[in-house]
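Observations on the three-dimensional arrangement
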Amino acid sequence: MNQIEIYTDGACKGNPGPGGWGVLLKAGATEKELYGGEPETTNNRMELMAVIMALEALKRPCAVLLHVDSQYVLKGMTEWLPGWKAKGWRTASKQPVKNVDLWQRLDALVNQRGHHIEWRWVKGHDGDPGNERADQLANQGVAMARQFD
């Protein structure tokens, strides 16, 4: 199984507002960068999109070390998701889960593609080179989204 290290980040100028997502994929000495954006979105949606786009880019099952600076994404995937699913995509307070379309898409990618994913939290804007690059890519996504505003 191929080993891959992934850094993801999302950005939004205004929340909601134009947003972007960025991904740095590293397999040995090979690196690939991805980014994109939307003209009207939220930071949380862009954080989720970064992880979704990263996992969709993998063509075969991989052992993934996935770095996120979003507690929302990390806790959603490692703590909250089973409860949401058991409650019909409702929160503990019986409210509909926000961004359910993206959570369901991410859940399917994680559970149906055969990846072994280790989730790692990294403090954003704290000098981690992979996270800093993902942040730059997310901001490129914002710039791209603003062109279509």
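Keep in mind the model is a prediction, meaning the values are calculated, not measured.

**A closer look at the layout of surface pockets**
Over the atoms, a rolling probe the size of a water molecule traces out where space has been left empty. Taken as a whole, the largest pocket spans an internal volume of roughly 250 Å³. At the level of secondary structure, the elements contributing two or more residues to the lining of the largest pocket comprise β1 (2-12), β2 (17-27) and β3 (30-41). Among the residues making up the lining of the largest pocket, the classes are represented as six nonpolar, three polar and five charged.

**What about helix α4 (residues 129-147)?**
For α4, which comprises 19 residues, the first-to-last C-alpha distance of 28 Å matches the rise-based estimate of 27 Å (1.5 Å per residue) to within 8%. Of the positions making up α4, those classed as buried are G130, N131, A134, D135, L137, A138, G141, V142 and A145. Buried residues of α4 fall within an arc of 165° about the axis and therefore sit on the same side. Turned more than 90 degrees from where α4 packs its buried face, P129 and Q147 sit exposed. Among the residues of α4, the N-terminal cap falls to D128, whose side-chain oxygen and the backbone nitrogen of G130 are separated by 3.0 Å.

**Digging into the pattern of salt bridges**
Applying the stated criterion across every chain, the model contains five salt bridges. Put simply, R45 and D101 hold a salt bridge, and the shortest N to O gap is 2.9 Å. Of this pair, R45 sits in helix α1 (residues 43-56) while D101 sits in helix α3 (residues 100-112); the two residues are 56 residues apart in sequence, bridging distant segments of the chain. With its nearest N and O atoms 3.2 Å apart, the salt bridge here joins R105 to E56. One end of the pair, R105, is in helix α3; the other, E56, is in helix α1, with 49 residues separating them in the sequence. Relative accessible area serves as the criterion here: at 28%, E56 is assigned to the partly exposed category.

Procedures and definitions
- Residues numbered from 1 in each chain as written.
- Predicted model: local features only at pLDDT ≥ 70, side-chain atom pairs only at ≥ 80, totals over all residues.
- Heavy atoms only, no water.
- 1 Å grid on protein atoms, 1.4 Å probe; cavity = no way out; pocket = protein on both sides within 12 Å on 5 of 7 lines; lining within 4 Å.
- Points joined across faces, edges and corners; volume = space filled by probe spheres on them.
- Helix = DSSP H or I, 4+ residues; strand = E, 2+ residues; numbered from the N terminus.
- Nonpolar A, V, L, I, M, F, W, Y, C, P; charged D, E, K, R; others polar.
- Expected span 1.5 Å × (residues − 1).
- Buried < 20%, exposed > 50% of the residue type's maximum accessible area, 1.4 Å probe, protein only.
- Arc of directions from axis to C-beta.
- Polar contact = N/O pair within 3.5 Å; in protein donor to acceptor, adjacent residues only side chain to side chain.
- Salt bridge = Lys/Arg side-chain N within 4 Å of Asp/Glu carboxyl O.

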